[in-house]
Amino acid sequence: GSGSGGGAAGGESWYLALLGLAEHFRTSSPPKVRLCVHCLQAVLPRKPPARMEARTHLQLGSVLYHHTRNGDQARGHLEKAVSPGGGIPQFEDVKFEAASLLSELYCQENSVDTAKPLLRKAIQISQQTPYWHCRLLFQLAQLHTLEKDLVSACDLLGVGAEYARVVGSEYTRALFLLSKGMLLLMERKLQEVHPLLTLCGQIVENWQGNPIQKESLRVFFLVLQVTHYLDAGQVKSVKPCLKQLQQCIQTISTLHDDEILPSNPADLFHWLPKEHMCVLVYLVTVMHSMQAGYLEKAQKYTDKALMQLEKLKMLDCSPILSSFQVILLEHIIMCRLVTGHKATALQEISQVCQLCQQSPRLFSNHAAQLHTLLGLYCISVNCMDNAEAQFTTALRLTTHQELWAFIVTNLASVYIREGNRHQELYSLLERINPDHNFPVSSHCLRAAAFYIRGLFSFFQGRYNEAKRFLRETLKMSNAEDLNRLTACSLVLLGHIFYVLGNHRESNNMVVPAMQLASKIPDMSVQLWSSALLRDLNKACGNAMDAHEAAQMHQNFSQQLLQDHIEACSLPEHNLITWTDGPPPVQFQAQNGPTTSLASLL
């Protein structure tokens, strides 16, 4: 800042000239970092006034931190900027900015325990400076979240919400509360989430301010609601929310980012850039389409989102983009396995491995999902021992209840197919008993647990019991439009009626199963239905229909077989033996069809 009063200004002009020059070098394209640092360093020996000295240390620390690998030097300057003269008000923002940067640097050096007290002290003394007080609270909450201490993070966000209310910033109050809601959802504290989301909804609707800020609060709010429904496996109930969210993002894309600076400094925050919000809305749409079994729609939105991510990653190295990319790939991989594109699924699994190799944090957050996907791939190519090893590894790595139940359900299906694992199977089925103490609140997973019970009873020849379980699945899957579970239950019921010699009833099940399976499209259910239709029509003496069904069955078999051979001959197929440590490097093919993204990262 320039000096106050005429006399001081002359004495400070050298300082301003050096700063101007430093700024010129810093903002050159590309930045001339060495020259910028020289100019700033030239200020210090000339014993500038204390405030300028502090600001110069801050700028040096900032330039060195952002543009070089000189962590030690950056730290030295920032530490000097944090502890200048006593309570002189002009120092305050320098102090807070330096504390914020310095704790970032400590975290990068894995000294989180040095960062926390620094941020706590800065939070204590910044109550008169609303912008920094809020920003430092967000930063410390973020730090606790990364350390998986969600309780402390929630407390801090609660403090922030109350502070924002007192300083008259309803907008930032909503940001604090929505962030807290997000963490409560992660912790599965559903009793606390409901009243909080209701309050957020009211604040967001009543807030009159910059339209882009208002709409982005609504996107945040709706994303939480949609993911909450999807976590609960309520694919049909979520639709109105999802529609609102899609309308909201369209509204945002038509608004211009007017640089109207809010009058209240506590309002100077935004949740996510517009482009990131677009990708996020595509992402939750993909999650919905995959759960509901609209796999072509999932494919369409995944392509759009990955295209947009590819563009964004050229300019922006924000780690959230890699997280979005991994979650999109996880969902599309499951779709490919259902639609009978195993080779592509495998190459995309390999892509997730590559993304995880670049970021240890991404890997620790997604290792269990990666092994789960490999387990599903192993089932699809009939490598049951490997599937079991992958699922067992995934169970060891996850603390997430829904994922745990999903893995146990799939592992049970492996044991059922192997046919000789009764002891292990009984103990697994006991842990996901849909009639009694089911471990999660997910509608979809509970319906799947009934299906697995039905499958086991079928294999044991206990047909009436199997019918009871499958009718439960159908009731639940019809209630929430869970197309894949509906198709699987129908075809299995059709099979049971066929075995019992009730051909008419069998036909009533298999025909709609076939229609639904081709709508999804679910390749293995199509294969199974066409075989049943062939046998049914043969048994009833309809030679023409039997021939047509046999032809269909032949076509599906051929497609699946070709895909099977292609997948198993890929170098990435060796990933099925990986059960320990970080993802292996050696299996990655360099010329797969989907590595264009990876090469850009």
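The structure displayed is predicted, hence computed values, not measured ones.

So, how was this worked out
Residues numbered from 1 in each chain as written. Predicted model: local features only at pLDDT ≥ 70, side-chain atom pairs only at ≥ 80, totals over all residues. Heavy atoms only, no water. Axes fitted to C-alpha atoms, helices over the stretch in contact; angles between N-to-C directions. Helix = DSSP H or I, 4+ residues; strand = E, 2+ residues; numbered from the N terminus. Parallel < 35°, antiparallel > 145°, perpendicular 65-115°, else oblique. Left-handed = near helix turned anticlockwise from the far one by under 90°. Contact = heavy atoms within 4.5 Å. Nonpolar A, V, L, I, M, F, W, Y, C, P; charged D, E, K, R; others polar. Expected span 1.5 Å × (residues − 1). Buried < 20%, exposed > 50% of the residue type's maximum accessible area, 1.4 Å probe, protein only. Arc of directions from axis to C-beta. pLDDT = per-residue confidence, 0-100. Core = buried A, V, L, I, M, F, W, Y, C linked by side-chain atoms within 4.5 Å. Patch = residues over 30% accessible without salt bridge, like charges linked within 9 Å, V, L, I, M, F, W, Y side chains within 5 Å. Areas by Shrake-Rupley, 256 points an atom, 1.4 Å probe, with all protein chains shown as cover. Salt bridge = Lys/Arg side-chain N within 4 Å of Asp/Glu carboxyl O. Lys, Arg positive; Asp, Glu negative; His and termini not counted. Charge placed at Lys NZ, Arg CZ, Asp CG, Glu CD. Phe/Tyr/Trp six-rings, centres within 6.5 Å; stacked < 30°, edge-to-face > 60°. Polar contact = N/O pair within 3.5 Å; in protein donor to acceptor, adjacent residues only side chain to side chain.

Give a detailed account of the packing of helix α9 (residues 170-186) against helix α10 (residues 190-206), specifying residues and quantitative values.
Where α9 contacts α10, the two axes come as close as 9 Å, and the packing angle between them is 155°. In terms of their interaxial angle, α9 and α10 are classed as roughly antiparallel. Where α9 crosses over α10, the handedness of that crossing is left-handed. Only Leu190, Glu192, Val193, Leu196, Leu199, Cys200 and Ile203 of α10 make contact with α9, whose side of the interface consists of Glu170, Arg173, Ala174, Leu177, Leu178, Lys180, Gly181, Leu184 and Leu185. Considered class by class, the residues forming the contact of α9 with α10 number 11 nonpolar, one polar and four charged.

I'd like to hear about α10, residue by residue, with values.
Helical geometry: 3.6 residues make up each α-helical turn, so side chains three or four residues apart lie on a common side. Here α10 spans 25 Å end to end across 17 residues, near enough to the 24 Å set by a 1.5 Å rise per residue. The set of residues buried in α10 consists of Val193, Leu196, Leu197, Cys200, Gly201, Ile203 and Val204. Around the axis of α10, the buried residues are gathered within 165° of arc, so they sit on the same side. Relative to its buried face, α10 has exposed residues pointing more than 90 degrees away, namely Gln191, Pro195 and Asn206. On the buried face of α10, the contacting elements are α9 and α11 (211-231).

Would you mind going over the confidence of the model for the protein in detail, with residue names and values included?
Reading fine detail from the predicted coordinates is not recommended where pLDDT is low. Mean pLDDT over the protein stands at 89; residues scoring 70 or higher make up 94%. The model gives residues 1-9 a pLDDT under 50, and that stretch makes eight contacts with residues more than four places away or in other chains. Across residues 588-601, where pLDDT falls below 50, the model places 27 contacts with residues more than four positions away in sequence or in other chains.

Can you tell me about the packing of helix α2 (residues 33-43) against helix α3 (residues 50-67), naming the residues and giving the values?
Running from N to C, α2 and α3 cross one another at 160°; their axes reach a closest spacing of 10 Å. Classed by the angle they form, the pair α2 and α3 counts as roughly antiparallel. Crossing handedness for the pair α2 and α3: left-handed. Residues Val33, Cys36, Val37, Leu40, Gln41 and Val43 of α2 form the contact with α3, whose own contacting residues are Thr56, Gln59, Leu60, Val63, Leu64 and His67. A per-class count over the contact of α2 with α3 returns eight nonpolar, four polar and no charged.

Quick rundown of the environment of Val204? Include the residues and the values.
Take Val204: it is sitting in helix α10. It is 35 Å that separates the C-alpha atoms of Val204 and Phe406, two residues lying 202 residues apart in sequence. When residues no more than four places from it in sequence are discounted, the contact partners of Val204 are Lys214, Leu217 and Arg218.

Explain the nonpolar core residue by residue, including any values.
Ranked by internal contacts, the top residues of the largest apolar core, which has 206 residues, are Val219 and Leu245. If near-sequence neighbours (up to four positions away) are discounted, Leu245 is found in contact with Val219, Leu222, Val223, Val226, Val281 and Val284.

I'd like a rundown of a positive patch on the surface, residues and numbers included.
A surface patch of positive charge is lined by Lys243, Lys297, Lys300 and Lys304. The element that contributes the greatest number of residues to the positive patch is helix α14 (residues 295-315), accounting for three residues. Structurally, Lys300 is set in helix α14.

Can you lay out the packing of aromatic side chains for me, pointing to particular residues and giving the numbers?
Any two aromatic rings considered together are summarised by their centre-to-centre distance and by the angle between their planes. Inspection of the entire model under this criterion finds 12 aromatic pairs. Between the aromatic rings of Tyr131 and Trp132, the centroid separation amounts to 5.2 Å while the plane-to-plane angle is 75°, which identifies the pairing as edge-to-face. A centroid spacing of 5.6 Å and a plane angle of 70° characterise the contact between Phe458 and Phe459, whose relative ring orientation is edge-to-face. Among the aromatic residues, those joined into a ring-pair cluster are Tyr131, Trp132, Phe138, Phe176 and Phe269.

Residue-level account of the pattern of salt bridges, with values.
A full pass over the atoms with the stated rule returns 25 salt bridges. The closest approach of N and O atoms between Glu187 and Lys189, which form a salt bridge, is 3.7 Å. Judged by relative accessible area, Lys189 falls into the partly exposed class, the value being 30%. Here Glu388 makes a salt bridge to Arg421, at a shortest N to O gap of 2.7 Å. Here Glu388, found in helix α18 (residues 384-397), pairs with Arg421, found in the loop between α19 (401-418) and α20 (422-431); they are 33 residues apart in sequence, far enough to count as distant. Owing to a relative accessible area of 17%, Glu388 belongs among the buried residues under this scheme. Its relative accessible area of 17% is what places Arg421 among the buried residues. Through salt bridges with shared partners, a single network forms among Glu388, Glu418, Arg421 and Glu424.

Lay out the side chain of Glu348 in plain terms, naming residues and giving numbers.
The topology assignment puts Glu348 in helix α16 (residues 342-357). Given the relative accessible area of 2%, Glu348 is considered buried. One polar contact links Glu348 to Arg336, side chain to side chain, over a distance of 2.6 Å.

Now, about the side chain of His288: what can you tell me, with residues and values included?
As for its position among the elements, His288 is in helix α13 (residues 274-292). Overall, the relative accessible area of 3% leaves His288 in the buried class. Reaching out from His288, the side chain makes a polar contact with the backbone oxygen of Val235 at a distance of 2.9 Å. When near neighbours in sequence (up to four residues on either side) are disregarded, His288 contacts Leu230, Val235, Val238, Lys239, Leu242 and Tyr294.

Hey, could you go over helix α26 (residues 543-568) for me, with residue numbers and the actual values?
Taking 1.5 Å per residue, 26 residues should reach 38 Å; α26 reaches 37 Å between its end C-alpha atoms and fits that length. Within α26, burial applies to Ala546, Ala549, His553, Phe556, Leu560, Asp563 and Ala567. Looking at the buried residues of α26, the elements they touch are α16, α17 (360-380), α24 (503-519) and α25 (523-539).

Describe unusual backbone geometry, listing the residues and the values that go with them.
Across the junction of Ile520 and Pro521, the peptide omega takes the value -15°, indicating a cis bond. Tracing the backbone through its elements, the reader meets Pro521 in the loop between α24 and α25. Positive phi values are uncommon outside glycine, yet Lys148 reaches one of about 65°. Checked against the element boundaries, Lys148 lands in the loop between α7 (130-146) and α8 (150-166). You can call Lys148 exposed: its relative accessible area is 61%.

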